[in-house]
Amino acid sequence: MLELLEQLHSGVVLTPNVDHLMKLQTDSDFLKIYALADYKVCDSQVLMYASRFLGTPFKEKVSGSDFFPRFCDFHKDNDAITVFLLGGAEGVAAKAGSKINSKINRDIVIGTHSPSFGFEKDEQECLEIVEMINQSGATVLAVGVGAPKQEKWIYKYKHKLHHVKIFLAVGATIDFEAGVTKRAPKWMSQMGIEWLFRIYCDPQRLWKRYLIEDLPFFWLLLQQKLGIYPQPSVESVGRMDTPVNVKVTSNCLLLKRRVTTKA
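Residues numbered from 1 in each chain as written. Predicted model: local features only at pLDDT ≥ 70, side-chain atom pairs only at ≥ 80, totals over all residues. Heavy atoms only, no water.

## A closer look at the overall build of the protein
Broken down by element type, the protein carries 13 helices and 6 strands. The buried share of the protein, reckoned over its 263 residues, is 49%. Taking contacts inside the protein between residues at least 6 apart in sequence as the whole, the part at least 24 apart equals 72%. As displayed, the protein has an accessible area near 13,400 Å², and 54% of this comes from carbon and sulfur atoms. (Helix = DSSP H or I, 4+ residues; strand = E, 2+ residues; numbered from the N terminus. Buried < 20%, exposed > 50% of the residue type's maximum accessible area, 1.4 Å probe, protein only. Contact = heavy atoms within 4.5 Å. Areas by Shrake-Rupley, 256 points an atom, 1.4 Å probe, with all protein chains shown as cover.)

## Considering the sheet that holds strand S6 (residues 166-169)
One open sheet accounts for 6 strands, arranged S2-S1-S6-S5-S3-S4; its pairing is parallel. Unpaired on one side and paired on the other, strand S2 (39-40) and strand S4 (109-113) mark the two borders of the sheet. Across the sheet, helix H5 (residues 64-74) lies against strand S3 (83-87), strand S5 (140-144) and S6, angled at about 150 degrees from S6, the strand it touches most. (Pairing = 2+ DSSP bridges. Axes fitted to C-alpha atoms, helices over the stretch in contact; angles between N-to-C directions.)

## Some details on unusual backbone geometry
Here Ala 147 and Pro 148 are connected by a cis peptide whose omega angle stands at 0 degrees. For Asn 105, which is not a glycine, the phi torsion comes out positive at approximately 60 degrees. With respect to the helices and strands, Asn 105 occurs in the loop between helix H6 (92-104) and S4. A residue is classified by how much of its surface remains accessible, and Asn 105, at 70% relative accessible area, is exposed.

## Topic: the confidence of the model for the protein
Of all residues in the protein, 89% have pLDDT values of 70 or greater, and the mean over the chain is 89. Counted against residues more than four places away or in other chains, residues 236-263, with its pLDDT under 50, gives 71 contacts. (pLDDT = per-residue confidence, 0-100.)

## Considerations on a nonpolar patch on the surface
On the surface, a nonpolar cluster with roughly 520 Å² of combined accessible area is contributed by Phe 53, Trp 219, Leu 222, Leu 226 and Ile 228. In this structure, Trp 219 sits in helix H13 (residues 217-225). (Patch = residues over 30% accessible without salt bridge, like charges linked within 9 Å, V, L, I, M, F, W, Y side chains within 5 Å. Salt bridge = Lys/Arg side-chain N within 4 Å of Asp/Glu carboxyl O.)

## A few points about the side chain of Asn 134
Checked against the element boundaries, Asn 134 lands in helix H7 (residues 123-136). Given the relative accessible area of 12%, Asn 134 is considered buried. At 3.0 Å, the side chain of Asn 134 forms a polar contact with the backbone oxygen of Lys 160. For Asn 134, the residues in contact, after removing those within four places along its chain, are Lys 160, Leu 161, His 162 and His 163. (Polar contact = N/O pair within 3.5 Å; in protein donor to acceptor, adjacent residues only side chain to side chain.)

## Some points on the pairing of S3
The buried count for S3 comes to 5 of 5 residues, which makes it a mostly enclosed element. Of the two faces of S3, the one holding Val 83, Leu 85 and Gly 87 and the one holding Phe 84 and Leu 86 are both buried throughout. Bridge analysis of S3 against S4 gives 4 bridges, and the strand direction is parallel. Residue pairing in the sheet places Val 83 in a bridge with Val 109 of S4. Handedness of the crossover is the feature at issue here: the chain leaves S3, passes through H6, returns alongside S4, and the resulting connection is right-handed. Relative to S5, S3 runs parallel, the two sharing 5 bridges. Along S5, the bridge assignment pairs Val 83 with Val 140. (Right-handed = clockwise from strand over helix to strand, strands pointing away.)

## Examining the side chain of Asp 27
Along the chain, Asp 27 turns up in the loop between helix H2 (18-24) and helix H3 (28-36). For Asp 27, a relative accessible area of 18% corresponds to the buried category. Here the side chain of Asp 27 touches Asp 29 through a polar contact of 3.2 Å, landing on its backbone nitrogen.

## A look at H13
Two residues of an α-helix separated by three or four positions point the same way, owing to the 3.6 residues in each turn. Listed in full, the buried residues belonging to H13 are Phe 217, Leu 220, Leu 221 and Gln 223. Down the axis, H13 shows its buried residues gathered within 160 degrees of arc, on one side only. Taken together, the buried residues of H13 touch H2 and helix H4 (45-53). One or two positions beyond H13, positive phi appears at Gly 227, with a value near 80 degrees. (Arc of directions from axis to C-beta.)

Now the structure itself:
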């Protein structure tokens, strides 16, 4: 956590979890975005267990919902860091921004917007959001509209966002910060069963993801352990921008962006 906070001056931060890894098996656009990302940090205790099982343990779980409030607190006296929140249902981003600013005693969040459902398919609305972010002057954009929508939106429009240096794909973090969605108890997160709490809170939306779509992960993990994992292929990936220089830790918790076929 501290290593990322100290290193992060620019770039895109993605937070892989089991659901992301399963989507990466079939979504080539999502896979290309992961190949281009500047930082990928482990968002899941299940992935922590998996990394140990494979003999390549991660140093620490750095979930987006833990990292983002730490990031804001870390920069509470840094006027160069200002945040725009994009995500949540109507009014949720504004509520989250107000709570964050009150918590750290500074207006670090200077702009918020809760987009309409399906906004990513409306080019005009997306361009209006881009203009809104540019007018705010924010240097950090936190997008929480779900994966892979949030990651694809960032990479499609990041070149139009003139002031933003740091892009964070934060999932449900905006809802957590606003207090409209409860986080799992810490002990559940540490045990790797936070997914069970999330199903309990929102069964209609999440049961299929966790109980059907993500279950094949364990079979793929076993295949990787046996050396027979069928890696999804990435065709030649063109650079979307100039890569940033970042430190590569020995345990690969923080990864320098490279074109890779690994999910």
